[in-house]
Structures are given as structure tokens and as C-alpha cells.
Amino acid sequence: MSADEQPGLYVESTIIMTTVRVVAPFVLTFALFIMFHGADTPGGGFQGGVIAGSVVMMIAFAYGIESTRQWVDARVLAALAAGGVLTFAAIGLGALALGGQFLQYDEYHFLYKYATKYGIELVELGIGGIVASVAIGLFFLLAAGFAQANADQSEETA
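Residues numbered from 1 in each chain as written. Predicted model: local features only at pLDDT ≥ 70, side-chain atom pairs only at ≥ 80, totals over all residues. Heavy atoms only, no water.

Enquirer: What is the right way to read the nonpolar core from this model?
Expert: Note that soluble globular proteins tend to have their nonpolar side chains buried in a common cluster. Listed in full, the 8 residues of the largest apolar core are Val56, Met57, Ala60, Val72, Leu77, Ile136, Phe139 and Phe140. Sorting the residues of this core by element identifies helix H2 (45–63) and helix H5 (115–157) as the ones contributing at least two each. Apart from the residues within four sequence positions on either side, Val72 is in contact with Val56, Leu77 and Phe140. (Core = buried A, V, L, I, M, F, W, Y, C linked by side-chain atoms within 4.5 Å. Buried < 20%, exposed > 50% of the residue type's maximum accessible area, 1.4 Å probe, protein only. Helix = DSSP H or I, 4+ residues; strand = E, 2+ residues; numbered from the N terminus. Contact = heavy atoms within 4.5 Å.)

Enquirer: When you look at the pattern of salt bridges in this model, what are you seeing that I'm missing?
Expert: Any two side chains of opposite charge can pair, on the condition that their charged atoms come close. Scanning the model with the defined rule gives 3 salt bridges in all. Of the charged contacts, one joins Glu66 and Arg69 as a salt bridge, the two residues approaching to 3.3 Å between their closest N and O atoms. Linking Glu66 with Arg69, this pair stays in helix H3 (residues 65–71), spanning 3 residues, or about one helical turn. Classification of Arg69 by relative accessible area gives partly exposed; the value is 25%. Across the pair Arg75 and Asp73 runs a salt bridge whose closest N-O atoms are separated by 2.8 Å. In this structure Asp73 comes out as partly exposed when scored by relative accessible area, which is 28%. (Salt bridge = Lys/Arg side-chain N within 4 Å of Asp/Glu carboxyl O.)

Structural data, given as C-alpha cells:
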């Protein structure tokens with residue numbers, strides 16, 4: 001069997017594609033559940049972010065890594081990470097500006113009665129966005145392999 005006749009890494013499977021299409025929304029919903037309940041129950045932004053990132057990985061395994069890489073724009077991943085950092089920093093530094101300590105949620109009580117609850121949930125969502133975008137980015141970097149990364153780097157320096 002020559003190199004041209006060898007099968008590629010990706011093989012379409014109707015069963016896997018259908019299963020991922022059905023399961024992915026439930027896994028993403030579970031990730032959001034874990035993020036939102038991180039303050040009250042075990043879980044939180046990190047765990048929920050990893051689960052949310054795994055949804056994109058499931059899609060990549062079912063539909064092909066290259067097609068998923070084209071579907072998930074790198075700018076969206078960067079915006080998700082930056083948005084998470086900005087959310088975390090804004091809530092934490094806002095409390096400092098109001099005279100409290102970093103992430104002292106009760107400083108926001110004059111604005112809204114449930115500020116502590118929603119402040120914690122926003123921070124957990126921000127952390128989840130950061131973790132999901134980093135996990136997805138690392139997955140795509142590892143999937144590209146070292147040869148592709150070196151080729152891209154040599155093109156940039158030339």
C-alpha cells in the first residue's frame with residue numbers, strides 16, 4: 001500500500017456524527033450549569049470551562065479537526081478569553097473602586113440586592129470563558145503538530 005492509498009486520520013462515521021449532534025447541546029448546557037452553580041455547589045468556572053471546551057473537541061473528532069478549526073475562528077477564541085479576563089477584572093477592581101477589597105461582592109449591594117450572587121456567577125462565567133478558550137486553543141495547537149507550528153514560525157520570520 002503506497003502513501004497515497006493509506007487512509008487519513010479522519011474517517012466519517014454517521015453514528016459518531018449523529019451522536020455528537022445530539023449530545024453536544026446537552027454537554028454545553030451541563031457546562032453552563034456547572035459554571036452557574038460554582039458558588040453554591042462543587043464546580044465552577046474552571047470545571048465548566050473544561051466541559052464547554054470539550055464540546056468543540058467532540059465536534060472536531062466527529063466532523064474533522066480542519067473543518068472545525070475553520071469553523072471556530074481564532075479571533076472568537078481570543079475575544080472569549082479577553083472577555084473573561086475583563087469581566088473578572090472589572091468586577092474585582094470595581095469593588096476596589098467602591099472602597100472594598102478585590103472581589104468583595106457586598107460593595108455592590110447599594111446597586112442591587114442580589115449583587116453577591118450575580119457577581120460570583122459573572123466571575124465564574126468569565127473564568128469558564130478563559131478556560132474554554134485556552135483548552136480549545138491548546139487542542140488545535142496540539143492537533144496541528146510540531147511540524148505545522150515550525151512551518152508557520154519559519155514563514156513568519158522569512
